[in-house]
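Spelled out, the chains give:
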Amino acid sequence: MSEDEESGSTIGPYRVDRRLGGGGMGEVFLAWDPRLEREVAVKRIRSGTTETGADPGRRARFRHEAKITAALNHSAIVQVFDLITEGDTDHLVMEYVPGLSLHEVLRGGPLPLAQGLAVAADVAEGLAYAHRRGVLHRDLKTENVLLTPEGQAKISDFGIALRRSTGPEAERLTREGMVVGTWRVMSPEQACGEEVDARSDLFSLGVLFYELFTGSSPFLASSGRETVRRILGEVPKPAAELNLEIPVELSDLIHELLEKDPPMRPASAREVADRLRALAARPSVEEQATIYPAYPATAPTAAPPATPAPRPPQVPPGRRLPIRVLAGIAILTAVAVALILFLRDRPSPPPPPIPPLYVAVLQPTLRSGSPSDETDFLAFALRGALQSALTRFDGVFPKAPAEVDAVSGKPAAVARAVAAAEVLAPSFACRGGTCSVEVSRLRGSDGAVTWSDRVDVPLDDPLTAAQALTVLVRKGYPERRLRPGVPDLRVAPEDYAEYLDVRRRLVAGSREDPALLQRLEGVRRRSPDFVDAYLIEAQIGLNRFEQTRDAAHLDRALALLADAQSRAPGDPEVGYTRAWGQLRAGRLAQAEAALADFERKAPGDVRVLDLRADLLERQGKPAEALALSRRAAGVQPSWARLYGYARRAWRQGETATARETLETLLARSPGNPAGRTLLATVELTNGDPARAARLYEEIAAAQPADSSVLANLGLARMLQGDYAASAAALERAVGMEPESYVLLLNLAQARGLQGRKAEAERMLRRVLELSERDPAAGEWQRLTVRAQAFAQLGEPTKAVAEAQEALRLAPRSGQVAFEAALVYALVGDRTAALVNAQRARDLGFEAPGWFRLPWFEPLRSDPGFRRLLEASGS
């Protein structure tokens, strides 16, 4: 039937006016509903290829769309009114949205910021509503967003949508491994035919936002295969680089939405909408809201530009620009010409920073001969020299040796686990007093060698070896320029050997005793320009401050770092350690300044994000800290950074996020000890204490000297009711850290549950004494420890005061709410105990058994508490 023949025909009670368009799922017509006297859009399924009528699979998907979309009623979603069946043909009757699709509007270039934010927030809110109803879209793109003349966005075409709860039907419509959707907007998991959830729609939302605000598509290529390759393996340029009007917060949000790993994306479409509305509310954005109309002045016909095109002033047809506007343009043109002439003879700006390169330096291997003390010492020296040589390149960031050494396997496996783009693999062989050192530069993705060279070095002269390797590495990285302000090694040979010996002992686990410090002081005194000696001595001082809280150690460490900075102003390690030290000291203003200085020295170093997240958390902004930590893990998803993000999420009560992130960590680094330990801790606090105990037993067998593992094993045994085993494990932990008031509190509680009241009371007094000397007064854990100690000593007023302050500092922490509930139960405030127990559950504190501890006995008769126990599976 032709388009002319369609006009005037009827579909059920609806009179067809004209054809509006068509897509992969069907044709759409404008029709009139004479009963309600309104225009509607009618979508007809395309005919299939079978002789008997429409394709059954296509028809099933069409009816599936009708059922799903009809249940959605939101201002940002096109409303479905009716489903008409005529013979073998189905028609979907929908709300008619006069206007253009977002795809058509963007042919004229990206929208102004204010209008774009309003559209983006509408789409995010509509998607959030659909997700709350259990519906995924799976083909969210600019073509499926319609704009009303007033600028309201409406999502259409839930034709391949999926309701998560309809298992059998979903299996029939979307078989396992079957990929449906549009290639350019698919998430990596959807493109691979894997199971998808709401986070897949968030990735598509990121693609839509990228196109909305930049005018270009982040992954689109000339073929579907190449598009998918880009989706799976490439990170697009930040949106702010393509459109300078975009605020950095918006660019960061788009980057988070386009993360390859689903846990790295924002938690929900609701969060995205809230962040967009907050950006739109800024005065600088609101001022732009009335400058541009909702649509281009003429119907667009060209394809979307590859880069954002400048938009001329929009003038209604038939009107001319006012004379004052033309005069303004002439003035601006004259100014532009003058500016060009002025800038023509100015020197060129410095080259832009090159992309960061993360490199994992492997342990040097001995190619021949038997290991000895001399070869072991040389291997340690070679690796340190390679790390130092890489640090001197602008934009090159070697991974920490401890992070690399926690991973086993081939170079590509190591690179994946630590998120390194490259691996540096050294090896050496010695004959007599000379060693031949070979260094190979390997691609992280597959371990292929991209460069290799060797140099002979003396076995007994580590400084000469380090200098030779520095020259060798510079040959291997010809594309990288040297970082300014970082001097070469300025140290006497004997001082360098002394430094290496001290550092090696510390890495091996030697105590930071005064003798080692005296040796470092001697090195620093004899070779005052050797910055590495200042760094290691300062790090020892910072560690001692954390252990003892003696401000003298802190002041000395910071003075050493200031001295080091004056000698090597461009050294990023000095800048990082200064910022880290100020944070540990709780000096937030100084930390902010040191962090800004570090960021100037090392643009692109992901550790900037780590430190800033720590700073935000200490400033009482946990949600912002978590978002930044997620961004850091997305930029550089090493096991250590994923661990940090999961730990922060767990501390803030985001248990599901913590678990998902740890699963990602263990997939990238199977058997990772830190990841397994944190997973055991998550199970301990929000899961299954029996499983946690088994995990801790295994970990303790491999790490017998780890007090934290023993402490958590003791807590797991306490939850199981085995108080003797609990006290035994906790006593071993306290023996390793006698000054830890957290461990001592747990041991006191275990002793109390055993009936050894006098011993428990002595320990609780000691807990209060130790915690009183801790200057970290803003740490919620210190407060909850003190609250529990006061409560168990029969001092309710002090206990409640400490618990309330902890709740104020960490209002979103399920663990804090649980410990507050415990305190209130101990002091006899049943109502407050019940309120906080329920709040702990609401915040994700789901540990079966925790509410069965004897301290909650007074609440057992309360119906609300019994319901809480049933809900938690206790």
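Criteria and cut-off values
- Throughout this document, residue positions are counted from 1 along each chain, in the order its sequence is written.
- Whole-chain, interface and lining totals are the exception, using all residues; otherwise, since this is a predicted model, local features are given only for residues with pLDDT of at least 70 and side-chain atom pairs are given and counted only at 80 or more.
- Side-chain descriptors were evaluated using all non-hydrogen atoms of the structure, hydrogens and water having been removed beforehand.
- Numbering goes from the N terminus for both helices and strands, where a helix is a DSSP run of H or I of at least four residues and a strand is a run of E of at least two.
- The buried label applies to any residue whose accessible area, calculated with a 1.4 Å probe on protein chains only, is under 20% of its type's maximum; exposed applies above 50%, and partly exposed to all values in between.
- Contacts were defined at the residue level, with two residues in contact if any of their heavy atoms lie within 4.5 Å.
- For accessible areas, the Shrake-Rupley method is used with a probe of radius 1.4 Å. Any residue's cover is judged against the shown protein chains and nothing else.
- For Phe, Tyr and Trp, where Trp contributes only its six-membered ring, two rings pair if their centres lie within 6.5 Å, and the inter-plane angle classes them as stacked under 30 degrees, edge-to-face over 60, or tilted in between.
- Counting rule for disulfides: a pair of cysteine sulfur atoms within 2.5 Å.
- Two strands pair if DSSP finds at least two bridges between them.
- To obtain each axis, a line is fitted to C-alpha atoms, and for helices this fit is confined to the stretch in contact; angles are then taken between N-to-C directions over 0 to 180 degrees.
- With respect to orientation, any angle under 35 degrees is reported as roughly parallel, any angle over 145 as roughly antiparallel, any angle of 65 to 115 as roughly perpendicular, and every other angle as oblique.
- Should the near helix be turned counterclockwise from the far one by less than a right angle, the crossing is left-handed, whereas a clockwise turn marks it as right-handed.

**Some points on the overall build of the protein chain**
Item 1. Scanning the protein chain from terminus to terminus reveals 38 helices and 17 strands.
Item 2. Taking all 874 residues of the protein chain together, 51% fall into the buried category.
Item 3. Residue pairs in contact within the protein chain that sit at least 24 positions apart in sequence constitute 62% of those at least 6 positions apart.
Item 4. Carbon and sulfur atoms provide 52% of the accessible area of the protein chain, an area that totals close to 39600 Å².

**A word on the packing of aromatic side chains**
Item 1. Under the criterion given, the structure shown has 13 aromatic pairs.
Item 2. With centroids separated by 4.9 Å and ring planes inclined at 90°, the aromatic side chains of Tyr499 and Phe530 adopt a geometry described as edge-to-face. Here the residue Tyr499 occupies a position in helix H18 (residues 493-507), and Phe530 occupies one in the loop between helix H19 (514-526) and helix H20 (531-548), the gap between them amounting to 31 residues.
Item 3. The class of Tyr499 is buried, set by a relative accessible area of 7%.
Item 4. For the ring pair Phe818 and Phe856, a centre distance of 5.6 Å and an interplane angle of 40° mean the geometry is tilted. Here the residue Phe818 occupies a position in helix H36 (residues 814-827), and Phe856 occupies one in the loop between helix H37 (830-842) and helix H38 (863-872), the gap between them amounting to 38 residues. Phe856 matches Phe818 in its accessibility class, with the two residues each being buried.

**Structural notes on unusual backbone geometry**
Item 1. Phi at Arg138 is positive, roughly 70°, even though this residue is not glycine.
Item 2. Turning to its location among the elements, Arg138 is positioned in the loop between strand E8 (135-136) and strand E9 (145-147).
Item 3. Judged by its relative accessible area of 8%, Arg138 falls in the buried class.
Item 4. Phi is positive for Ala419, which is not a glycine, with a value near 55°.
Item 5. Take Ala419: it is sitting in the loop between helix H16 (411-418) and strand E15 (422-431).

**What to know about the state of the cysteines**
Item 1. Throughout the structure, instances matching the rule amount to one disulfide.
Item 2. For Cys430, the disulfide goes to Cys435, at an S-S distance of 2.0 Å. With the S-S bond torsion at 100°, the cross-link from Cys430 to Cys435 turns out right-handed.
Item 3. Relative accessible area serves as the criterion here: at 24%, Cys430 is assigned to the partly exposed category.
Item 4. Taking relative accessible area as the criterion, Cys435 reaches 0% and is therefore assigned buried.

**Some points on the pairing of strand E6 (residues 89-95)**
Item 1. Of all the seven residues making up E6, six are buried; the element is thus mostly covered by neighbouring parts of the structure.
Item 2. In terms of strand pairing, strand E4 (residues 38-45) meets E6 through five bridges, oriented antiparallel. Along E6, the bridge assignment pairs Arg44 with His91.
Item 3. Sheet analysis places strand E5 (residues 80-86) next to E6, joined by six bridges and oriented antiparallel. Bridged to Leu83 within E6 is Leu92.

**Describing the packing of helix H22 (residues 572-584) against helix H24 (residues 607-618)**
Item 1. Between H22 and H24, the least distance of the axes is 11 Å, while the angle of their chain directions is 15°. Here H22 lies roughly parallel to H24, going by the angle between them. The way H22 lies across H24 gives a crossing that is left-handed. On the side of H22, the interface is formed by Glu573, Tyr576, Ala579, Trp580, Leu583 and Arg584, while H24 contributes Arg607, Leu611, Asp614, Leu615 and Arg618.

**Topic: the environment of Val823**
Item 1. Counting through the fold element by element, Val823 comes out in helix H36.
Item 2. Residue classification places Val823 among the buried residues on the basis of a relative accessible area of 1%.
Item 3. Each C-alpha atom of the pair Val823 and Ala791 lies 6.1 Å from the other, and the pair is 32 residues apart in sequence.
Item 4. Not counting residues within four places of it along the chain, the set of residues in contact with Val823 comprises Ala787, Gln788, Ala791, Ala799 and Ala803.

**Considerations on the sheet that holds E9**
Item 1. Across the sheet, which stays open at both edges, the three strands sit in the order E7-E9-E10 with antiparallel pairing between neighbours. Each of the sheet's edge strands pairs with one partner strand only, and the pair in question is strand E7 (100-101) and strand E10 (153-155).
Item 2. Sheet topology note: the E7/E9 ladder contains two bridges and is antiparallel. By the bridge assignment for E9, Leu100 is matched with Leu147.
Item 3. Contacting E9 and E10, helix H4 (residues 113-132) runs over the sheet at an angle of about 35° to E10.

The quantities given are spatial measurements derived from coordinates; they are silent on function.
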